[in-house]
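# An overview of the molecular structure
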Amino acid sequence: MAIFDTFGIAGSGLMVHRKWLDAVSDNIANINTVSSTNEDAFRERFVVAQAVDYGSGEGGVRVAKAEFGSGEGRMVYDPTHPLADAEGYVKYPDIDLGDQMTQLLIAQRGYQANLAVVSRATDAYQAALQLGRH
C-alpha cells in the first residue's frame, strides 16, 4: 500500500456517499411530484456501490450502477387537480419518507467518516513532515 493510498480510498468513499446523498435528496425532493394516471410516477433512485480490488487494501469503492424503482406509484383521489383523470385520480411516487430519511442519515454519516479519515491522514502526514524539519 502506497503512502498516499489513504487519500484515494477515502476520496472514493466520499464520492460514493456524495452520489448516494444526491440520489436520496432527489427522491425526497420529488416525493410529492404528481403525474397523470397514464404516465409513470417519479421513479425512486438507488445507488449501488461496489468495492474495487476487494481485500487488497487498495482501490476503495465506486458507484457500480444506478437503479430505479417502480414507476407504478400510488393512486390518490384528487378530482380538483389539473392532472386528474376522468375518475379524479392522480399518481404519486411510492416513496417512503421515513426510509429516505434513514438513508440520508446513513449516507451523511458515511460521508463524515470518510472526511474524518482524510483530515486525520492530512494531520499525520503534516506531523511527519514537521519531524524532518527538526
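An account of the accompanying structure is given in this report.

Calculation criteria
- Residues numbered from 1 in each chain as written.
- Predicted model: local features only at pLDDT ≥ 70, side-chain atom pairs only at ≥ 80, totals over all residues.
- Heavy atoms only, no water.
- Helix = DSSP H or I, 4+ residues; strand = E, 2+ residues; numbered from the N terminus.
- Polar contact = N/O pair within 3.5 Å; in protein donor to acceptor, adjacent residues only side chain to side chain.
- Contact = heavy atoms within 4.5 Å.
- Salt bridge = Lys/Arg side-chain N within 4 Å of Asp/Glu carboxyl O.
- Patch = residues over 30% accessible without salt bridge, like charges linked within 9 Å, V, L, I, M, F, W, Y side chains within 5 Å.
- Areas by Shrake-Rupley, 256 points an atom, 1.4 Å probe, with all protein chains shown as cover.
- Buried < 20%, exposed > 50% of the residue type's maximum accessible area, 1.4 Å probe, protein only.

Moving on to the side chain of Q100. Following the sequence through the fold, Q100 ends up in helix 2 (residues 97-133). In this structure the side chain of Q100 is engaged in a polar contact, spanning 3.1 Å, whose partner is the side chain of N27. Those residues in contact with Q100, other than ones at most four positions away along the chain, are V24, N27, I28, E44 and I95.

Here the structure, examined in full by the defined rule, presents 3 salt bridges. Close ionic contact of E67 with K65 constitutes a salt bridge, the shortest N to O distance being 3.2 Å.

The next subject is a nonpolar patch on the surface. On the surface, M75, Y77 and Y89 cluster together to form a nonpolar patch covering roughly 330 Å² of accessible area. Turning to its location among the elements, Y89 is positioned in strand 4 (residues 89-92). A relative accessible area of 33% means that Y89 is categorised as partly exposed.

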